[in-house]
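The chain contents come next:
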Amino acid sequence: ALSFRDNISEEIWSQEFNIISPDTGPFTWMLGGYYQHDKIFIPENGGYYSDATPNTPTALDIEIVGVNPKTALAAFGQVGYELTDGLQITVGGRWSRSTSANDAEARAYFTGLPGPLLVLPQVDRTVNKKVNGKIALNWTVDPNHFLYAFVATGSKAGGLNGPNILGRTPLAFDAEDVTDFEAGWKGTFFDGHLRTQLGGYYNIYKNFQVSIVDPVSPSISSIFNVPGKTKLYGVEFSAQGSFDAFSIDLAGSVSNSKLGTFFAADPRLGGAPAVCNPENGPATPRCLDLTGNEQAYAPKLTLSAGAQYAIPLGGDATLTPRVDFAHIAASWGSLFQNRLFGDRLEARNILNAQLTLKTGDWSIAAYGTNMTDQHYVAAINGARRLAGAPHQYGLRVSRNF
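Residues numbered from 1 in each chain as written. Predicted model: local features only at pLDDT ≥ 70, side-chain atom pairs only at ≥ 80, totals over all residues. Heavy atoms only, no water.

Caption draft 1: Quick look at the overall build of the chain. When you go through the chain residue by residue, the secondary structure sums to zero helices and 28 strands. The principal-axis extent of the C-alpha atoms belonging to the chain is close to 75 × 50 × 45 Å. Of all 401 residues assigned to the chain, the portion counted as buried reaches 34%. Long-range contacts, defined as pairs at least 24 residues apart, comprise 61% of the intrachain contacts of the chain with a sequence gap of at least 6. Looking at the chain as shown, the accessible area adds up to about 22,700 Å², and 59% of this sits on carbon and sulfur atoms. In the chain, 30 positive and 36 negative side-chain charges are present, and the distance between their average locations comes to 4 Å. (Helix = DSSP H or I, 4+ residues; strand = E, 2+ residues; numbered from the N terminus. Buried < 20%, exposed > 50% of the residue type's maximum accessible area, 1.4 Å probe, protein only. Contact = heavy atoms within 4.5 Å. Areas by Shrake-Rupley, 256 points an atom, 1.4 Å probe, with all protein chains shown as cover. Lys, Arg positive; Asp, Glu negative; His and termini not counted. Charge placed at Lys NZ, Arg CZ, Asp CG, Glu CD.)

Caption draft 2: Structural context of the side chain of Asp38. With respect to the helices and strands, Asp38 occurs in strand β3 (residues 27-42). Contacts of Asp38, omitting those with residues within four sequence positions, involve Glu10, Glu11, Ile12, Asn68, Pro69 and Lys70.

Caption draft 3: Structural context of the environment of Leu232. Looking at the element boundaries, Leu232 is found in strand β15 (residues 230-243). Along the sequence, Leu232 and Tyr202 sit 30 residues apart, while their C-alpha atoms lie 6.1 Å from each other. Dropping the residues within four chain positions of it, Leu232 is found in contact with Tyr201, Tyr202, Asn203, Tyr205, Asn256, Ser257 and Gln295.

Caption draft 4: Highlighting the packing of aromatic side chains. What the rule picks out here adds up to six aromatic pairs. Note on Phe146 and Tyr148: the rings are 6.3 Å apart at their centroids and 25 degrees apart in plane angle, and the pair reads as stacked. Using a relative accessible area of 24% as the deciding quantity, one classes Phe146 as partly exposed. Connected via pairs of aromatic rings, a cluster forms that spans Phe146, Tyr148 and Phe150. Positioned above the aromatic ring of Phe150 is the side chain of Lys134, whose terminal nitrogen or guanidinium carbon lies 4.4 Å from the ring centre. Lying over the aromatic face of Tyr367, Arg396 brings its terminal NZ or CZ to 4.5 Å of the ring centre. (Phe/Tyr/Trp six-rings, centres within 6.5 Å; stacked < 30°, edge-to-face > 60°. Lys NZ or Arg CZ within 6 Å of the ring centre and 35° of its normal.)

Now the structure itself:
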């Protein structure tokens, strides 16, 4: 058994400024800046404490204490120019700088012995600087049809993993970079009663960040970078209809993903590989080649639909029944994709319903989620399986001021 408790606090300060030009002429522009300071506090005496065997008189306990401050600073701008009537080109750029620091230590205690047996300090700092850009074409064909296409680059900041008492996990991980190609269409029909959106995307990631359980210490997960190019691509469609008292919405997506060159050790296979380099392995029964695997929690197909009808009751009172349905195709909960270990998350169909009575500023809604009470695994965390929410129901009362 594993006993774990934490009492961690976080303090975030952020500020953003934007200067935007008028949009009455052919030339438009925007300038802005952003700053965020984020500090995580892990106090003494139970801020982070793990007891591997709480019911055993002799047990190894792990405590982590310290602080983890992070900052994000960015400056960005965009210009747009109308080439012809309805056809606009926009070009934008963003400079960013992020930092992450650890002033912490991990301590290992053995039940019955005073003081920690081992103290592993972690005083580290990482800095990421990035310049990203975007170029886009926007074409308003007519008041009811809009086409767009763009290519953009983006980054997810790197950082530091938490202290690992065994000292095996890389502390720092690099920033994740992506090049995004997208194109789409937006349409309006029936005098504005029906709106539709259709888009396709193709993303190429470099240094894709993944969370993998440490093979030596399965209770610890850390973030690693995938050395090769990871790809995610697909098509998305959505629609919203409003026809007096009747409203509908639809959405669907088809996606695919391929992990770049990446080797990792599955801790569930037992033991630890002598060598398992993320970039070149070599592949062994314990060092697995995950190249080409799907990203975790990336179903190939999702569908959703909802409908409601507002029934007038006289005066300003309405009674609105609503039903929502969602289909999520099967996906993998782990990059290792081992069916024998339960990595496959089966497809599920979720039905929700709601009945809302509204009068004036007040409304009361009776709702039910997962009406068929489907039982399914929603997520995987190491050897643990996290169940999806069961059938739930209740009342919700609200008032607008």
